[in-house]
Amino acid sequence: MSNEQKHVLRVALIASPYPLEEAPAPPLGISYVASACEASGAIVKIFDYIVRKYSEEKLKKEIGDFCPDVIGTGSVTLNFPKAANIIRTAKKLFPDAVTMMGGPHVSFDIKNTLTKYPEIDMILVGEAEDTLKELLPVIKNKEKWKNINGIAFFDNGSLIQTPKRELICDLDSLPLPARHLLPMSKYQALGYPISIITSRGCPYKCIFCLGRKMVGAKVRYRNPKLVADEIEHILSYGINRINVADDLFTSNKERVHALCNEIKDRNLKFHWSAFARVNTVDKEVLKLMKDTGCDSICFGIESGDSEMLKRIKKGITVEQIKRAISISKEVGITAFASFIIGLPGETHESLKNTKEVAESLDTAYGYHMLAPFPGTTVREEIKNFDLEILTDEWELYDANRPIVRTSQIGPQDMEEFISDLVDFHKKKWDILVEQYKNDTCNKEDYLIIEGFHRTQLIFKLLSEDLIEDYGYFEEEGEPTSLLLNKMSELIDMEKPFIDRTIVSLISANYLKYEKKGNGIKWFWKHNKHVDHLE
């Protein structure tokens, strides 16, 4: 057997920094990629910089210790610049490694990405799992890349984009996401839901969305029994909240029934949420979802203006919006209505109609600003719309700020439109905070304020690596007391609150300590069979 045959490919996957304020779940896409690489026989490690501080020094040490043959990452538009710069740095540090990127942003901005970042050797276009199965065995032989469908790269100055890869017909053939390679205790400490998918694909044609282009118009379903197996696996971590991240979970009512009945038959107890369209739900299906633990549902409504709904090809009516919200409340599911501001042809009148509908629903709602991502119809066919894109600074594409204008509505108009809602929530929040300080708020509001401060504290622990950098003690003392005192020195919050928050993390087994040298070392609990990163 040759040395080449003996060598086992080593793949380093990077979960690139992403704002903790955006409530990141354990990254699902890169977990699927990791499991595909493992299934191909590679040794895989995920370097997660979402819930850890990123630095070039850390990257150099950690990846250097791993000695990868391949370095890859994915991104959405918002964190693309950070992800691409990490690959740029990695390539300079480890020039012999093959570097690659995947995800929705690069899949629809191929030439620009490879031109601006020549350190990226290859882009995986669209769904990557089957591509990797064929690619990894030949990844060190660039001559063979052109035979692999679904990739793009430069060769001698020419852009090579191989034929589009067919979408994966049998999703059940995919191994479960490699969550065992992630620092799950940190995500559990954050308290955000863990995401799963039960299907891929969306049959609708909304002009602002990438779903259909990325995963196809035909919805492909996973076997409900296998989905339930995955849910059981997630629950085994001690997790009790799951978010179904399908493009459209309620696309097929029979399928919803089958999955919910499987959950019932196994007596699985957990809370879950899902995304849905107002024209794909009825009382029967929502009641069944409620009975199996679904307590919240997000409806992408986008606009309260009938003409706008037609223009953006949403395929729903105001009447359907009101009916779906009403039914959700009737069965006891919290409904959240999501609207987009700055859609093509937006006017003061369409904004007024949106505001009236939003307020009439008597449910939680929020506004996002239109972010015309690469690949969306609204961006690719912008000449056909009353819309102007004001910037391509991708880090601004967080849907929280105006980056477009129409002939009648500009950025200032959009900000003024949402200011009433922002001011309302700020005043409400300020009152709650004051009552919290005076110990006059009710139990529910107390938990809301405590939860907010707890999240801020955990953000600081994670983003500044406080446990990793300051959790080693050589002096004598009770381990928990040593940790609490040190964290109180580093965190500008009241010590009693810091103490009870960190004690709760210890009680939940997210934080542990071990003897190390002449002292003790605190660390975030790592998954079985996976080394934690220090």
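This one's a predicted model, so the numbers in the text were calculated from it and none came from an experiment.

## A few points about helix 15 (residues 348-360)
Phase 1: The terminal C-alpha atoms of helix 15, which comprises 13 residues, lie 18 Å apart, in line with the 18 Å expected from a rise of 1.5 Å per residue.
Phase 2: Where helix 15 is concerned, the buried positions are Ser-350, Leu-351, Asn-353, Thr-354, Val-357 and Ala-358. Projected down its long axis, helix 15 carries its buried residues within an arc of 160°, all on one side.
Phase 3: Those residues of helix 15 hidden inside the fold are in contact with helix 13 (306-311), helix 14 (318-331), strand 14 (334-341), strand 15 (364-369) and helix 17 (411-437).
Phase 4: One or two steps after helix 15, the chain reaches Asp-362, where phi turns positive at roughly 55°.

## A look at the pattern of salt bridges
Phase 1: What the rule picks out here adds up to 36 salt bridges.
Phase 2: A salt bridge links Lys-310 to Glu-307; the nearest nitrogen and oxygen atoms lie 3.6 Å apart. Remark: Glu-307 and Lys-310 occur in helix 13; sequence separation between them is three residues, near one turn of the helix.
Phase 3: Judged by relative accessible area, which is 60%, Lys-310 ranks as exposed.
Phase 4: Each of the salt bridges in this network shares a partner with another, and the network as a whole consists of Lys-225, Asp-229, Glu-232, Glu-262 and Arg-266.

## Notes on the pairing of strand 6 (residues 151-155)
Phase 1: As paired strands, strand 5 (residues 122-124) and strand 6 are joined by two bridges and run antiparallel to one another. Its bridge partner lying in strand 6, Ile-123 is registered against Ala-152.
Phase 2: Two strands pair when backbone bridges link them, and strand 6 and strand 7 (residues 158-161) are joined in this way by four bridges, in the antiparallel orientation. The partner of Phe-154 across the bridge, within strand 7, is Leu-159.
Phase 3: Hairpin connection, strand 6 to strand 7: the antiparallel pair is bridged by two residues, and Asn-156 has positive phi, about 50°.

## Looking at the side chain of Ser-338
Phase 1: In this structure, Ser-338 sits in strand 14.
Phase 2: Residue Ser-338 is classed as buried on the basis of its relative accessible area of 10%.
Phase 3: Polar side-chain contacts of Ser-338 include one of 3.3 Å to the side chain of His-368.
Phase 4: When near neighbours in sequence (up to four residues on either side) are disregarded, Ser-338 contacts Cys-298, Phe-299, Gly-300, Ile-301, Glu-302, Gly-366 and His-368.

## Looking at the pairing of strand 13 (residues 294-302)
Phase 1: Burial analysis of strand 13 places seven of its nine residues in the buried class, the great majority of the element.
Phase 2: With five bridges joining them, strand 12 (residues 271-276) and strand 13 adopt parallel strand pairing. Across the sheet, the residue bridging to Phe-275 is Cys-298, located in strand 13.
Phase 3: Regarding topology, helix 12 (residues 283-291) serves as the crossover connection from strand 12 to the parallel strand 13, and that connection is right-handed.
Phase 4: The pairing of strand 13 with strand 14 spans six bridges and is classified as parallel. The partner of Glu-302 across the bridge, within strand 14, is Phe-339.

## Section: the environment of Leu-182
Phase 1: As for its position among the elements, Leu-182 is in the loop between strand 7 and helix 8 (184-190).
Phase 2: Taking the C-alpha atoms as reference points, Leu-182 and Ile-46, separated by 136 residues in sequence, lie 6.6 Å from one another.

## So, helix 4 (residues 80-93)
Phase 1: Spanning 14 residues, helix 4 covers 20 Å between terminal C-alpha atoms, matching the ideal 20 Å at 1.5 Å per step.
Phase 2: When we look at burial in helix 4, the residues that qualify are Phe-80, Pro-81, Ala-83, Ala-84, Ile-86, Ile-87, Thr-89, Ala-90 and Lys-91.
Phase 3: On the buried face of helix 4, the contacting elements are strand 1 (10-15), helix 3 (56-66), strand 3 (70-74), strand 4 (98-102), helix 5 (104-107) and helix 6 (110-116).

Procedures and definitions
Residues numbered from 1 in each chain as written. Predicted model: local features only at pLDDT ≥ 70, side-chain atom pairs only at ≥ 80, totals over all residues. Heavy atoms only, no water. Helix = DSSP H or I, 4+ residues; strand = E, 2+ residues; numbered from the N terminus. Expected span 1.5 Å × (residues − 1). Buried < 20%, exposed > 50% of the residue type's maximum accessible area, 1.4 Å probe, protein only. Arc of directions from axis to C-beta. Contact = heavy atoms within 4.5 Å. Salt bridge = Lys/Arg side-chain N within 4 Å of Asp/Glu carboxyl O. Pairing = 2+ DSSP bridges. Polar contact = N/O pair within 3.5 Å; in protein donor to acceptor, adjacent residues only side chain to side chain. Right-handed = clockwise from strand over helix to strand, strands pointing away.

Structural measurements only, silent on function.
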